[in-house]
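Here is how the chains run, residue by residue.
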Amino acid sequence: MKSNTFFLAAAVSTTMSFICSYFLELYMGNAEQYLALIAIVFVDGFFGISAGIKREGFQTRKALKVLQRALTWIIFLTVILMVEKGFAGTSWLSETIIVPFIVLQLISALKNASMAGFIKAEELNRLLDRIDNHKGNRK
């Protein structure tokens, strides 16, 4: 009985070590992608919370949404990187799925920074007008 318990503990320990080392290697090999994702979510969250405090006061549930969004996108990125690693020819997945999210989060961070008073509205409009000059100037 004692040896069965030992072998069961050894099997569980070995399995957990394998899983943890796999995810550690996956994370460390793509640390820049994870850090960029976390940074943009928290920058947008910081400015969003600041703007929310100005408008309606601090709300815990809205602050917790920042953590929820960060965790959700970390899980998405992990799954995408696992698919890229497991299947040849899918190295384009992370760029195709994550980059549009990052661009939208950057735009949201700029808008939230403007609403919180960190960026003047005129400056933000001038910056946004430079993005697509072919549409003409704002009146």
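Preceding this section is the structure that the text describes.
Description of the structure in this document. Just so it is clear, the model here is predicted, and its values are computed rather than measured.

Conventions we followed
- The numbering scheme is per chain: residues are counted from 1 as the chain's sequence reads.
- The predicted nature of this model means local features are confined to residues of pLDDT at least 70 and side-chain atom pairs, given and counted, to a pLDDT of 80 or more, with totals for whole chains, interfaces and linings taken over all residues.
- Processing note: side-chain calculations cover all non-hydrogen atoms of the structure and skip hydrogens and water entirely.
- Think of a salt bridge as a Lys or Arg side-chain nitrogen and an Asp or Glu carboxyl oxygen that are within 4 Å of each other.
- Strands here are runs of E lasting at least two residues and helices are runs of H or I lasting at least four, both read from the DSSP assignment and numbered beginning at the N terminus.
- For the exposure calls, accessible area comes from a 1.4 Å probe over protein chains only, and a residue counts as buried if that area is under 20% of its type's maximum, exposed if over 50%, partly exposed in between.
- Every patch collects residues that have over 30% relative accessible area and no salt bridge, joining them within 9 Å if they carry like charges and within 5 Å if they are nonpolar side chains (Val, Leu, Ile, Met, Phe, Trp, Tyr).
- The protein chains shown are the only cover counted for residues, whose accessible areas, like all others here, come from Shrake-Rupley with a 1.4 Å probe.

### Side note on the pattern of salt bridges
In this structure the tally under the stated criterion is two salt bridges. Here Lys85 and Glu25 are joined by a salt bridge, their closest N and O atoms 2.3 Å apart. Note that Lys85 is positioned in helix 3 (residues 60-86) and Glu25 in helix 1 (residues 2-29), a separation of 60 residues in sequence. Judged by its relative accessible area of 44%, Glu25 is partly exposed.

### Regarding a nonpolar patch on the surface
Together, Leu8, Val12, Met16, Phe18, Ile19, Phe23 and Met82 make up a nonpolar patch on the protein surface, roughly 660 Å² of accessible area in all. At six residues, helix 1 tops the list of elements feeding residues into the nonpolar patch. Under the relative-accessibility criterion, Val12 is labelled partly exposed at 46%.

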